[in-house]
Structures are given as structure tokens and as C-alpha cells.
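Residue strings, one per chain:
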Amino acid sequence: MLASLGLILLCQLIGEAVVRGLGLPLPGPVLGLLLLLVLLLARDRFALLACGPLRNAGVETASKGLLAHLSLLFVPAGVGVVQKLDLLASHGIAIVLVLALSVIVTLLATVLTFRLVSRLLRQQDAR
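Residues numbered from 1 in each chain as written. Predicted model: local features only at pLDDT ≥ 70, side-chain atom pairs only at ≥ 80, totals over all residues. Heavy atoms only, no water.

Under an unreviewed UniProt entry, the protein has the name LrgA and belongs to Bradyrhizobium nitroreducens. Reading the Subcellular location (unreviewed entry) entry of the UniProt record for the protein gives the comment "Cell membrane". (UniProt positions renumbered as here; feature names shortened; annotations may be inferred.)

S.K.: Could you clarify how one ought to interpret the UniProt feature "transmembrane region" (unreviewed entry) in the protein in this entry?
M.R.: Under the local residue numbering, the UniProt record ascribes the feature "transmembrane region" (unreviewed entry) to residues 31-54, 66-85 and 91-117. As a span, residues 66-85 carries 65% helix and 0% strand, and end to end its C-alpha atoms are 29 Å apart. Strand forms 0% of residues 91-117 and helix 100%; the C-alpha atoms that close the span are 39 Å apart. (Helix = DSSP H or I, 4+ residues; strand = E, 2+ residues; numbered from the N terminus.)

S.K.: Hey, could you run me through a nonpolar patch on the surface in this one?
M.R.: Taken together, the side chains of Leu10, Leu13, Ile14, Val18, Leu22, Leu24, Leu26, Val30, Leu34, Leu35, Leu37 and Leu41 make up a nonpolar region of the molecular surface, amounting to roughly 990 Å² of accessible area. Of all the elements in the fold, those that place two or more residues in the nonpolar patch are helix H1 (2-22) and helix H2 (28-45). Examined against the element boundaries, leucine 37 turns out to sit in helix H2. According to the relative accessible area criterion, leucine 37 is partly exposed, its value standing at 43%. (Patch = residues over 30% accessible without salt bridge, like charges linked within 9 Å, V, L, I, M, F, W, Y side chains within 5 Å. Areas by Shrake-Rupley, 256 points an atom, 1.4 Å probe, with all protein chains shown as cover. Salt bridge = Lys/Arg side-chain N within 4 Å of Asp/Glu carboxyl O. Buried < 20%, exposed > 50% of the residue type's maximum accessible area, 1.4 Å probe, protein only.)

S.K.: Sorry, what's going on with the layout of surface pockets here?
M.R.: One water molecule sets the probe size; rolling that probe over the atoms shows where empty space is left. Taken as a whole, the largest pocket spans an internal volume of roughly 360 Å³. Forming the boundary of the largest pocket are 15 residues, of which Ile8, Gln12, Leu33, Leu36 and Leu66 lie nearest the centre. Those elements giving two or more residues to the lining of the largest pocket turn out to be H1, H2 and helix H3 (58-68). With 6 residues, H2 is the largest single contributor of residues to the lining of the largest pocket. Here the lining of the largest pocket is composed, by residue class, of 12 nonpolar, 3 polar and no charged. (1 Å grid on protein atoms, 1.4 Å probe; cavity = no way out; pocket = protein on both sides within 12 Å on 5 of 7 lines; lining within 4 Å. Points joined across faces, edges and corners; volume = space filled by probe spheres on them. Nonpolar A, V, L, I, M, F, W, Y, C, P; charged D, E, K, R; others polar.)

S.K.: I keep staring at the domain arrangement of the protein and nothing clicks. Help me out?
M.R.: Frequently, the measure chosen for interface size is the accessible area that the parts lose on association. Each domain of the protein was delimited in the assignment, giving domain 1 (1-68) and domain 2 (77-127). With centres defined by C-alpha atoms, the gap from domain 1 to domain 2 works out at 30 Å. (Domains from an automatic or database assignment.)

S.K.: Teacher, can you tell me more about the environment of leucine 66 here?
M.R.: Among the secondary structure elements, leucine 66 is positioned in helix H3. Relative accessible area serves as the criterion here: at 38%, leucine 66 is assigned to the partly exposed category. For leucine 66 and leucine 5, which are 61 residues apart along the polypeptide, the C-alpha to C-alpha distance reads 8.8 Å. In this structure, leucine 66 is in contact with Leu5 and Ile8, ignoring residues within four places of it in sequence. (Contact = heavy atoms within 4.5 Å.)

S.K.: I tried to follow H3 on my own but got confused; where do I start?
M.R.: Each full turn of the α-helix corresponds to 3.6 residues, which orients residues three or four apart in the same direction. Taken together, the buried positions of H3 are Gly58, Val59 and Ala62. Seen along its axis, H3 keeps its buried residues to an arc of 95°; they face one direction. Facing away from the buried side of H3 by more than 90 degrees, the exposed set consists of Lys64, Leu67 and Ala68. Buried residues belonging to H3 abut H1 and H2. (Arc of directions from axis to C-beta.)

S.K.: Teacher, can you tell me more about the pattern of salt bridges here?
M.R.: Charged atoms that come close allow side chains of opposite charge to pair. According to the stated counting rule, one finds 2 salt bridges in the structure shown. One salt bridge connects arginine 43 with glutamate 60, and the closest N-O pair in it is separated by 2.8 Å. A residue pair is termed long-range when its members are at least 10 positions apart, and arginine 43 in helix H2 and glutamate 60 in helix H3 qualify at 17 residues. Given a relative accessible area of 11%, arginine 43 falls into the buried group.

Printed below as a string of C-alpha cells:
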């Protein structure tokens, strides 16, 4: 399990290094997750890769363990919020307004995208 967890973190580190090195507009952990996905897909296709932390569903077990304790990863964020309560008190209304506006914009973008895709699919089916 430790080797599998190390592989997950190694993929994240490689993703972060590549993003910073090439200046890509993408979060490093996302690229690392894509790298891990490619490794897992390649493991299932090529038996040669099914060794070390990639064998016997080791990565899957480690990731399930991480997900089981995901709430612990929010503790540092909660501590940061408590440390900045004075900032929240002075800018609280602006933060709430920006959050509400961003939710509305996100919902509108989702609805418009859904309607556009639905219209395109209907036109495609009509042909």
C-alpha cells in the first residue's frame, strides 16, 4: 500500500514538475492524474507493467484508503479559515456576493450549454 501511495504522489509530482517546467495553464495534479490513468490503462493492456505497486489492484486500494479519509484533508483549510476570520468579517459581504454571482453564472452557463447541445443533437437526428 505504501508503494502504491508513493506511485500516486510520484505521478502528482511529475505532473507538477511538467506543468511548472513548460508553463502549461493546467493544474499539476490534474496532469499527474492523467499520467496515473495512462499507467493504469497500460497496466491492464500490457502484463509486463503489472508489477510493483501496479499489481493486484494496489493503486485502487490505496486510492480507496485516501477517499475513506478525505475529510481529514479539509482540516488545514478549516484552520486557514479560522485564522483569517478578521478578513472574512471585513470582506464578508463582498465574498458572499461574489460566491452567489459565480453560482448564478455557472448555472446559466450549464443551462445554455445543455440547450445548445440538445439543439445540435436534435438537428443531427433530423438529418
